[in-house]
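A closer look at the structure
So you can see what is in the structure, the chains are spelled out below.
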Amino acid sequence: MEEKEYNVCEENGNCYASARGQSAQRSFSMKKNIVIVATGGTISGTAAKRTDMLSYTSAVLTIDHLLEQMPYIQNLAHVSGEQIAQVDSSDMNHTIWLKLANRINELLRLEEVDGVVVTHGTDTMEETAYFLNLVIKSRKPVVMVGAMRPANAISADGPMNLYNAVSLAVNEEAKGKGVLVTLNDTINSSREVTKTNTALQDTFKSPELGYLGYIQDGGSYFYRFPTRKHTLETEFDITGLSELPQVEVVYSYVNSSVELVRCMAQMGVEGLVYAGLGNGGIPEVIKEVLTECAQKGLAVVRSSRAGSGIVTRNGAVNDDVCNFVAADSLNPQKARVLLMLALTKTKEPKEIQRMFWEY
Ligand code: ASP
């Protein structure tokens, strides 16, 4: 029987071929090629003191620096890095999104690239992940990863998370599952994952629907699949786009002001996601103004501030009469992502509703 061959890198950075009589070059060629596209975030952040977990500067170290610190990651795959941005994810924007998505599509079209890992700040990771989930055109794995502690903190979680992300990206089972998000040894679907805690490493959850699986000792274990259409199955194409339609979110609360909605309409926004109450409920006075706006062509999507569950079409509000769209189970920030992409295709509420049920 032919002996299995693989390349071994020790923690001190020495790499060698383990198979007898084979060159390191040959050994490397058997491994998959994973490109890490870096955008910044705490995973590349540094603190003044190793004990500072929450006051630090995000987006300082380059991906090349992070990779140099963990040579053993090359045991999993031939891993290379590309710095596409260097921002705290609160400064993520559409220009970077479009650049990122176009670059990932370009990389995944290359036969020699087997998968992409994206490093990103955790604060807006779920939005970027869902955006990529809808516009990447490949079955190859795309895995997003970040960290809750800066890179030089005691027990920094970034190196393990990054190692896990690469181990997930080389896994055959990660193919065709849309953009995945991993932190803290869990695998999440980008459609459902959300940040649920301001500081804990165990912050990313897919409320009620659960993780897709776990990562342990370099192995990925899946227990369920994403069911909504993504990547190759979507109708969205960002090639040639230089901006996305303007869509804003308005949050509901007791005695909320109708002026905010009027102001948005006057600003000429193309779409508005209303983060409604319970099953997407809207105070009467705001509903009247939103209905007027929807009749004049503003795309209005009812989502919920509740944190989980479906916003039912014609449930709390008669969407047929008001010309609204129900967000299904997308949280307000993800409903905004889908609405922006929907508006690149159509302004017709019924058509947009179809997309909310499909994606
Ligand atoms: N503020 C940071 C960011 O989103 C938080 C993190 O990465 O964990 O970039």
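Residues numbered from 1 in each chain as written. Predicted model: local features only at pLDDT ≥ 70, side-chain atom pairs only at ≥ 80, totals over all residues. Heavy atoms only, no water.

Observations concerning the side chain of T186
Just so we agree on the cut-off: Secondary structure elements are defined from DSSP: runs of H or I of at least 4 residues count as helices, runs of E of at least 2 residues count as strands, and each element is numbered from the N terminus. Burial classes follow relative accessibility: with a 1.4 Å probe on protein chains only, a residue under 20% of its type's maximum area counts as buried, one over 50% as exposed, and anything between as partly exposed. Nitrogen and oxygen atoms within 3.5 Å of one another constitute a polar contact, given that in protein one can donate a hydrogen and the other can accept it, and given that sequence-neighbouring residues count only through two side-chain atoms. Here a residue-residue contact requires only that any non-hydrogen atoms of the pair lie within 4.5 Å.
For T186, the location among the structural elements is in strand β8 (residues 186–189). A relative accessible area of 5% places T186 in the buried class. Only 3.3 Å separates the side chain of T186 from the side chain of N188, close enough to count as a polar contact. Other than its neighbours up to four places away in sequence, T186 contacts V181, Y211, G213 and Y214.

Examining the sheet that holds strand β16 (residues 325–326)
To keep it simple, the criterion reads: Here a strand pair is declared whenever DSSP counts at least two bridges between the two strands.
If you walk across this open sheet you meet the four strands as β13-β14-β15-β16, and the pairing is parallel. A strand with exactly one partner marks an edge of an open sheet, and here the two such strands are β13 (247–251) and β16. Two elements, β13 and strand β14 (residues 271–276), share five bridges in a ladder whose sense is parallel. Within the sheet, the bridge partner assigned to Y251 lies in β14 and is A275.

Some words on the nonpolar core
Considering soluble globular proteins, one finds that nonpolar side chains tend to be buried as a cluster. Condition: Among the buried residues, those of types Ala, Val, Leu, Ile, Met, Phe, Trp, Tyr and Cys that are joined through side-chain atoms within 4.5 Å form a nonpolar core.
Judged by nonpolar contacts, the single largest core of 55 residues is most densely connected at I104, F131, L132, L134, L339 and F356. Counting residues in hydrophobic clusters, the runner-up holds 30 residues, among them A38, I73, V145 and I187.

Description of the sheet that holds strand β5 (residues 115–119)
Two orientations exist for strands paired in a sheet by backbone hydrogen bonds: parallel and antiparallel. Definition in use: Axis definition: a line fit to C-alpha positions, over the contact stretch in the case of helices; interaxial angles, taken between N-to-C directions, run 0 to 180 degrees.
Strand order in the open sheet formed by eight strands is β4-β3-β5-β6-β7-β8-β11-β12, with mixed pairing between adjacent strands. Only two strands of the sheet have a single partner each, and these edge strands are β4 (78–87) and β12 (219–222). For this sheet, the mean angle separating the axes of adjacent strands, direction not counted, is 25°. In this sheet, β4 lies alongside strand β3 (residues 33–40) in parallel orientation, the contact comprising seven bridges. Note on β4: the bridge partner recorded for V37 is E82. Those strands touched by helix α3 (residues 94–109) are β3, β4, β5 and β6 (142–145), and its axis lies near 165° from that of β4.

Some words on the confidence of the model for the protein chain
As a reminder, the rule being used: pLDDT is a per-residue confidence score from the predictor, ranging from 0 to 100.
Averaged over every residue, the pLDDT of the protein chain is 93; the share at 70 or more is 92%. Low pLDDT, under 50, characterises residues 1–28; the predicted model gives this stretch 43 contacts beyond four residues in sequence or across chains.

Details of the site of the ligand
Which entries qualify depends on this criterion: Any residue with at least one heavy atom within 4 Å of a molecule or strand is counted as near it. The Shrake-Rupley method, run with a 1.4 Å probe sphere, supplies the accessible areas, and residue values consider only the shown protein chains as cover. Each residue is assigned to one of three groups, with Ala, Val, Leu, Ile, Met, Phe, Trp, Tyr, Cys and Pro labelled nonpolar, Asp, Glu, Lys and Arg labelled charged, and all others, Gly among them, labelled polar.
In the vicinity of the ligand, the contacting residues are G41, T42, Y56, S58, D88, S89, G121, T122, D123 and A147. Measuring from an oxygen atom of the ligand, one finds a side-chain N or O atom of T122 at 2.5 Å. For the ligand, a nitrogen atom lies 2.8 Å from a polar atom in the side chain of D123. Taken by itself the ligand offers 270 Å² of open surface, and the protein chains cover 93% of this. Here the shell around the ligand is built from residues that sort into two nonpolar, six polar and two charged.

Notes on the side chain of T194
With respect to the helices and strands, the residue T194 is situated in strand β9 (residues 194–195). If we skip the residues at most four places from it in the chain, T194 touches E126, T203, F204, K205, P207, N331 and Q333.

Describing the pattern of salt bridges
Using the following cut-off: We define a salt bridge as a contact between a side-chain nitrogen of Lys or Arg and a carboxyl oxygen of Asp or Glu at a distance within 4 Å.
What the rule picks out here adds up to 20 salt bridges. Here E106 and R103 are joined by a salt bridge, their closest N and O atoms 2.5 Å apart. Note that E106 and R103 are positioned in helix α3 at a spacing of three residues, about one turn of the helix. Note on E106: relative accessible area 40%, which makes it partly exposed. Take R103: its relative accessible area is 22%, and that puts it in the partly exposed class. A salt bridge links R228 to D328, with the nearest nitrogen and oxygen atoms 3.1 Å apart.

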